[in-house]
There are 2 protein chains.
Amino acid sequence: MDSDLKPMDAEQLREYGHQMVDFIADYYNNIESFPVLSQVKPGYLRELLPDSAPTSPEKFEDVLNDIREKIIPGLAHWQSPGFFAYYPSNSSTAGFLGEMVMSGFNVVGFSWIASPAATELEVIVLDWLAKILKLPTQFLSSGQGGGVIQGTSSEAVLVVLLAARDKALRNIGRNSVSKLVVYASDQTHSSLQKACQIAGIYTENVRVIKTSSSSNYSFDPDLLREKILEDVSFGLHPFFLCSTFGTTSSAAVDPFDALGKICREHRMWFHIDAAYAGNACICPEYRHYLEGVEEADSFGMNAHKWLLTTFDCSLLWVKHGSDLIKSLSTNPEYLKNKASQAGQVVDFKDWQIPLGRRFRSLKLWMVLRLYGVETLQNHIRNHVGLAHRFLQHVNSDPRFEVVARQMFSLVCFRLRPPPLSQDNGDKLNSDLLHAVNGTGKAFVSHTVLSGRFVLRLAIGATLTEDRHVDNTWRLIRDQAGLLLGTQLA
Amino acid sequence: MDSDLKPMDAEQLREYGHQMVDFIADYYNNIESFPVLSQVKPGYLRELLPDSAPTSPEKFEDVLNDIREKIIPGLAHWQSPGFFAYYPSNSSTAGFLGEMVMSGFNVVGFSWIASPAATELEVIVLDWLAKILKLPTQFLSSGQGGGVIQGTSSEAVLVVLLAARDKALRNIGRNSVSKLVVYASDQTHSSLQKACQIAGIYTENVRVIKTSSSSNYSFDPDLLREKILEDVSFGLHPFFLCSTFGTTSSAAVDPFDALGKICREHRMWFHIDAAYAGNACICPEYRHYLEGVEEADSFGMNAHKWLLTTFDCSLLWVKHGSDLIKSLSTNPEYLKNKASQAGQVVDFKDWQIPLGRRFRSLKLWMVLRLYGVETLQNHIRNHVGLAHRFLQHVNSDPRFEVVARQMFSLVCFRLRPPPLSQDNGDKLNSDLLHAVNGTGKAFVSHTVLSGRFVLRLAIGATLTEDRHVDNTWRLIRDQAGLLLGTQLA
């Protein structure tokens, strides 16, 4: 580290790269020593960093020290075995290696010509995964459809919503956007609402069909059909349904077969958002939940959530790639090339919002090859088993109740309010959440189900083992005891 | 490498990570030996890879060999010193190290709470860069505005277009989308067209103002004013102008001061897309081109293009963050938290299309610190100097002509058609392009200016030096000689 860092120098990259590998390996060795949820206060970093960038180079060692002392305390440690919030964004050695080589090449394969391997590997690897998931053959690249890697599910649902919007407007006239109606349930992810805002769908034309605990918060096809008929009778135009495989709050699975038939009747676009739980379908024993996927026009699943692939890697399959292309294609002179003009290749720029794109299929390919399907299946099964272990803990303590059926690796539960308590339990459980997260030993998040504040424990960090689940249960139980003690005092 | 790879194991990550660092360092050592533009044929990879994913783990060594033998031949080597196509997406040792640590942590900081450091570092580093660029203080986080990192310029222009659309519709009524008019020049990047498609702006309401060689292809404020007045007289509603600092075809700079005043008069949103050339404004001698930025509502620049930051890292500054939030915010229960509810923090999920986001500010911060502003300025100046060197080569050969003024590190040129040739030069230059790129020694791209097919040589790869520019010139000159010889024969 005698000389300044050159913009690019292979031997310096080697030297510093090795140091960085050690830094990251050490981070993983120490990961359990950090508070899972950062305990910093808003604005903490401003006080620790200078107001402006340095004029001259600083030392790598100093930067690493700052990362250690100033950045790490401000992280939520998503890869910590004590991370149970939201849904996982789990990483792996293979995913990390994949990111390394991807950013090492740093190619921007917007069109086939801009890096043929980037496009072709993506097509191949998404076919691989479609086969593992036993998706209908129309989702394979051999037909009119195929898979594409988006950054996130938000982008996946947005591009299919746009395709569906434009398809509908081509039929009924583009001045009719006010007639377009989207259907979702009250459990559908907020990314659909955002996509509707972006696409200019009228807020009051976004139907939010109520779910109930009796159907475990899954979509009610009868209510859907009723609502559609009502909308049609008002002269409105139903065009898009977003269903979910593993809802955010409780990992509920919608009845795809019934929903799909309704969509077919009304010529609506049928999307399945399987961001988190879709990953479980690599195991044959979970595949039955996906029955009806044959009816879908599009299917999205995030390999970055639960398939050991570093964020971001959101997979989207469509039956007709041309639907996306019609909405998202542009063809400026400076990007024209013989392969594209001849129609010999797919240009994924026309299947997504951005022009530029990273070579994300490389990491997914490495994950699939370095682990193989069996290891990935075991990974999923292991997490589902850990969730079941936690469920049993909750069931063993009568002060707690399980709030929804355990689906996949998610457990929704709550502390029952003591008899005669004025609180219906919402404040109690909110206090419990903050008490648990405030210890820094685990990070759990919440939702509301049937109007009640509920804790969610989602297993999914790669490093989580029995002992972490057991310790987290004890932590929750002990904090609950303290809270109940306080309340009784 | 005796045992199978575990999903995550710090010591395996260390062992394989070191091997991967060596693999990438070796790649950079050998980068000049690869054809810059891949010479593979469409479908090449399908024949080299199996039809389905492996059931059992494969060896890391085998994967590395496949990358070497099957993937690398299918890359366009964007980091090669012979890469002169499009605009650069240049990388650096610091950028690579930044990607490593970012993907090592693999946090998803959609909200402040989900990793406070990710949000706070982004705010701080975008303030740093705003100061380096001498952006107006309204673009700093201390006021109503601030910076945010998007994936690409396409997303940057989309989010501001959406904010402007919704602002306009709040004024004139949401049923009036058919009245909204967007203004651009015929040199504006295609990402604006795509953003308009997404936002539902009517195609015939996207005004494409003609530019000419006499003004070096910059935006003509007089034509803009005329068109706006005409549109207003027809009852239409002008609401958005996309101007460019460094157009894609010729790196032209629009007259921001004049354009901005027109926008102010008509209460239009004024965006400056400085994706590539904006980076040059870190050098005081180029800053004057940005005069008038005070008038802008938003300003975008891609650090991943020309500031040694690995793709993706697209910077966007706005004067009023609330404009973005009004269009892009959602507030589902499962993401609620005390810091957000109290309004103490910024949640960047509401400034962008996706929910999830990578910790991209970490790499930008590392680039700024490990190089310092002076090294980055030298990097820009060096590339501009190399472009000038190439320009002099072109000027020295009467068979060639320079087609637009050299701006920044881009040279637009063409081979003159021989006297009495039936070709106006378009076929000749297209043939020259393919001949040059077909050698694999350089990758140059093209555009059309004033109706003529033109070659573009954009300097920007981190490793490009005098000798690469000289060799590329000789290559072009020699290929031209062969073509002209053929033509004369």
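## Some thoughts on the overall build of chain A
Part 1 of the reasoning: Scanning chain A from N- to C-terminus turns up 15 helices and 12 strands.
Part 2 of the reasoning: Its C-alpha atoms give chain A a radius of gyration of 24 Å, near enough to 23 Å, the size a compact globule of 489 residues would have.
Part 3 of the reasoning: Projecting the C-alpha coordinates of chain A onto the three principal axes gives extents of approximately 70 × 65 × 45 Å.
Part 4 of the reasoning: For chain A, the residues scored as buried account for 58% of the 489 residues in total.
Part 5 of the reasoning: Intrachain contacts of chain A at a sequence separation of at least 6 include 75% that bridge at least 24 residues.

## Structural notes on unusual backbone geometry
Part 1 of the reasoning: Omega for the peptide link from Phe311(A) to Asp312(A) comes to 5°, which places this bond in the cis form.
Part 2 of the reasoning: Along the chain, Asp312(A) turns up in the loop between helix 10 (303-306) and strand 8 (314-318).
Part 3 of the reasoning: Within the chain, Tyr86(A) stands out as a residue other than glycine whose phi angle is a positive 45°.
Part 4 of the reasoning: Its place among the elements puts Tyr86(A) in the loop between strand 1 (83-84) and helix 3 (93-105).
Part 5 of the reasoning: The backbone of Leu420(B) shows a phi angle near 70°, a positive value even though the residue is not glycine.
Part 6 of the reasoning: Tracing the sequence through the fold places Leu420(B) in the loop between strand 10 (410-415) and helix 14 (426-438).
Part 7 of the reasoning: Judged by the 5 C-beta atoms lying within 10 Å of it, Leu420(B) falls in the exposed class.

## So, the pairing of strand 11 (residues 443-449) of chain B
Consecutive residues of a regular strand have side chains that alternate between opposite faces of the sheet.
Residues and elements named next belong to chain B.
Part 1 of the reasoning: Counting buried residues along strand 11, six of its seven residues qualify, which places the element largely inside the surrounding structure.
Part 2 of the reasoning: Note: strand 1 (residues 83-84) against strand 11, two bridges, orientation parallel. Looking at the pairing, Phe84 lines up with Val444 of strand 11.
Part 3 of the reasoning: One ladder, built from five bridges, connects strand 11 with strand 12 (residues 452-458); its direction is antiparallel. Note on strand 12: the bridge partner recorded for Ser445 is Arg456.
Part 4 of the reasoning: Counting the residues between successive antiparallel strands, the hairpin from strand 11 to strand 12 contains two residues, one of them, Ser450, with a positive phi of roughly 50°.

## Digging into the interface of chain A and chain B
Interfaces are often sized by the amount of accessible area the parts lose when they come together.
Part 1 of the reasoning: Taken together, the contact pairs 124 residues of chain A with 123 residues of chain B.
Part 2 of the reasoning: A total of 17 residues in the side of chain A that touches chain B trace back to one element, the largest contributor, which is helix 1 (residues 10-30) of chain A.
Part 3 of the reasoning: Within the side of chain A that touches chain B, the residues separate by chemical class into 66 nonpolar, 42 polar and 16 charged.

## As for the relation of the copies chain A and chain B
Part 1 of the reasoning: Each copy of the sequence occupies a distinct position, and chain A is placed on chain B by a rotation of 180° and an axial shift of 0.0 Å, giving an RMSD of 0.0 Å. Classification of the inter-copy transformation places it as that of a two-fold axis.
Part 2 of the reasoning: Residue by residue, 99% of the interface of chain A is reproduced at the interface of chain B, so both copies engage with the same surface.

## Examining the sheet that holds strand 6 (residues 269-273) of chain B
All names here are of chain B.
Part 1 of the reasoning: Ordered in space as 2-8-7-6-5-3-4, the seven strands form an open sheet in which the pairing is mixed. What marks the edges here is a single partner per strand, and that holds for strand 2 (146-150) and strand 4 (206-209). Going from strand to strand, the sheet's axes swing by 20° on average, the running direction of each strand aside.
Part 2 of the reasoning: Relative to strand 5 (residues 237-244), strand 3 (residues 180-185) runs parallel, the two sharing four bridges. Within strand 5, the position partnered with Val181 by the bridge is Pro238.

## A look at helix 11 (residues 321-328) of chain A
Part 1 of the reasoning: Where helix 11 of chain A is concerned, the buried positions are Gly321(A), Asp323(A), Leu324(A) and Ser327(A). Looking straight down helix 11 of chain A, one finds that the buried residues subtend no more than 160° of arc, so they occupy a single side.
Part 2 of the reasoning: Considering only its buried residues, helix 11 of chain A is in contact with strand 2 (146-150), helix 5 (153-172) and strand 8 of chain A together with helix 6 (190-199) of chain B.

## Re the nonpolar core
Part 1 of the reasoning: Leu161(A), Phe240(A), Leu161(B) and Phe240(B) are the most contacted members of the largest nonpolar core, which has 341 residues in total.
Part 2 of the reasoning: Setting aside chain neighbours within four positions, we find Leu161(B) in contact with Ala195(B), Cys196(B), Ala199(B) and Phe240(B).

## Examining the sheet that holds strand 11 of chain B
All names here are of chain B.
Part 1 of the reasoning: Here we have five strands laid out as an open sheet, ordered 1-11-12-10-9, and mixed in their pairing. Strands with a single pairing partner mark the edges of an open sheet, and in this sheet they are strand 1 and strand 9 (400-402).
Part 2 of the reasoning: Sheet strands touched by helix 13 (residues 361-395): strand 9, strand 10 and strand 12. Its angle to strand 10, the strand with the most contacts, is close to 20°.
Part 3 of the reasoning: The sheet contacts of helix 14 involve strand 10, strand 11 and strand 12, and relative to strand 12 the element is tilted by about 30°.

## Things to note about the domain arrangement of chain A
Residues and elements named next belong to chain A.
Part 1 of the reasoning: Here chain A is described as being made up of domain 1 (10-38 + 75-90 + 372-489) and domain 2 (108-358).
Part 2 of the reasoning: One C-alpha centre belongs to domain 1, the other to domain 2; they are set 30 Å apart.
Part 3 of the reasoning: Taken residue by residue, the interface counts 21 residues in domain 1 and 22 residues in domain 2.
Part 4 of the reasoning: Listing elements by their share of the side of domain 1 that touches domain 2, those giving two or more residues are helix 13 (361-396), strand 10 (410-415) and strand 11 (443-449).
Part 5 of the reasoning: Counting residues per element, the side of domain 1 that touches domain 2 draws most heavily on helix 13, at six residues.
Part 6 of the reasoning: When grouped by side-chain class, the residues that make up the side of domain 1 that touches domain 2 number 11 nonpolar, eight polar and two charged.

## Structural notes on the confidence of the model for chain A
Part 1 of the reasoning: Counting all residues, the mean pLDDT for chain A is 97, and 99% of those residues have values of 70 or more.
Part 2 of the reasoning: Interface confidence for the predicted complex, given as ipTM, is 0.97, next to a pTM of 0.98.

## Here's the deal with the pairing of strand 6 of chain B
Residues and elements named next belong to chain B.
Part 1 of the reasoning: Across the five residues that make up strand 6, a large majority, five, are buried.
Part 2 of the reasoning: Where strand 5 and strand 6 come together, five bridges link them in parallel fashion. For Leu241, the partnering residue across the bridge sits in strand 6 and is Phe270.
Part 3 of the reasoning: Of the crossover connections in this fold, the one passing from strand 5 over helix 8 (residues 256-265) to the parallel strand 6 is right-handed.
Part 4 of the reasoning: Here strand 6 runs beside strand 7 (residues 298-302); their pairing, made up of three bridges, is parallel.

## Here we look at the environment of Val101(A)
Part 1 of the reasoning: Checked against the element boundaries, Val101(A) lands in helix 3.
Part 2 of the reasoning: Taking the C-alpha atoms as reference, Val101(A) lies 8.2 Å from Lys363(A); in sequence the two are 262 residues apart.
Part 3 of the reasoning: If we ignore the near neighbours within four places in the chain, the residues touching Val101(A) are Leu362(A), Met20(B), Ile24(B) and Ile67(B).

## Some remarks on the environment of Ser56(B)
Part 1 of the reasoning: Summarising the element assignment, Ser56(B) is placed in the loop between helix 1 (10-30) and helix 2 (60-71).
Part 2 of the reasoning: Residues Ser56(B) and Lys349(B), 293 residues apart in the sequence, show an inter-C-alpha distance of 38 Å.
Part 3 of the reasoning: Not counting the four nearest positions on each side in its chain, Ser56(B) is found in contact with Gly372(A) and Glu374(A).

## Details of the packing of helix 5 of chain A against helix 6 (residues 190-199) of chain A
All names here are of chain A.
Part 1 of the reasoning: Relative orientation of the contacting elements helix 5 and helix 6 amounts to 45°, with a least axis distance of 9 Å. By the angle between their axes, helix 5 is oblique relative to helix 6. The element helix 5 and its partner helix 6 pack so that their crossing is right-handed. Counting all contacts with helix 5, which are made through Ser153, Ser154, Val157, Leu158, Leu161, Leu162 and Arg165, the residues of helix 6 involved are Ser191, Leu192, Lys194, Ala195, Cys196, Ile198 and Ala199.
Part 2 of the reasoning: Classifying every residue of the contact of helix 5 with helix 6 gives nine nonpolar, three polar and two charged.

## Some thoughts on helix 8 of chain B
Residues and elements named next belong to chain B.
Part 1 of the reasoning: Burial in helix 8 covers these residues: Phe256, Leu259, Gly260 and Cys263. Down the axis of helix 8, the buried set is contained in an arc of 100°. They therefore lie on one face.
Part 2 of the reasoning: Buried residues belonging to helix 8 abut helix 7 (221-233), strand 5 and strand 6.
Part 3 of the reasoning: After helix 8 finishes, the residue Arg267 shows a positive phi value of roughly 55°.

Parameters at a glance
Just so you know, the residues in each chain are numbered from 1, in the order the chain's sequence is written. For this description, chains carry letters from A and ligands carry numbers from 1, given in the order in which they are written. Per-residue local features of the predicted model are confined to residues with pLDDT of at least 70, and side-chain atom pairs are confined, for both listing and counting, to 80 or more; whole-chain, interface and lining totals are unaffected and use all residues. Strands are runs of DSSP state E lasting at least 2 residues, helices are runs of H or I lasting at least 4, and numbering of each runs from the N terminus. Our radius of gyration is a C-alpha quantity, and the globule rule it is checked against amounts to 2.2 Å times the number of residues to the power 0.38. Here the C-beta atoms are placed from the backbone, and a residue counts as buried if at least 20 other C-beta atoms lie within 10 Å of its own, exposed if 12 or fewer do, and partly exposed otherwise. Whether two residues are in contact is decided by their C-beta atoms, placed from the backbone, lying within 7 Å. Here, a strand pair is defined by DSSP locating no fewer than two bridges between the strands. For this scheme, ten residues count as nonpolar: Ala, Val, Leu, Ile, Met, Phe, Trp, Tyr, Cys and Pro. Four count as charged, namely Asp, Glu, Lys and Arg, and the remainder, Gly too, count as polar. Copies overlap after least-squares fitting; the atoms used are the C-alpha atoms of residues with pLDDT of at least 70 in both. In this analysis, axes come from line fits to C-alpha atoms, helices being fitted only over the stretch in contact, and the angle between any two N-to-C directions falls in the range 0 to 180 degrees. Within this analysis, the arc is defined by the directions that extend from the helix axis to the C-beta atoms. What we call a nonpolar core is a set of buried Ala, Val, Leu, Ile, Met, Phe, Trp, Tyr and Cys residues whose membership is set by joining through C-beta atoms within 7 Å. All domain edges in this entry derive from an automatic or database-based domain assignment. As a per-residue measure, pLDDT tells how confident the predictor is, with possible values from 0 to 100. Place the viewer so that the strands point away; then a crossover is right-handed whenever the path from the first strand over the helix to the second strand goes clockwise. Working rule for angles: under 35 degrees goes down as roughly parallel, over 145 as roughly antiparallel, 65 to 115 as roughly perpendicular, anything else as oblique. Take the far helix as the reference: if the near one is turned anticlockwise from it by less than a right angle, the crossing is left-handed, and if turned clockwise, right-handed.

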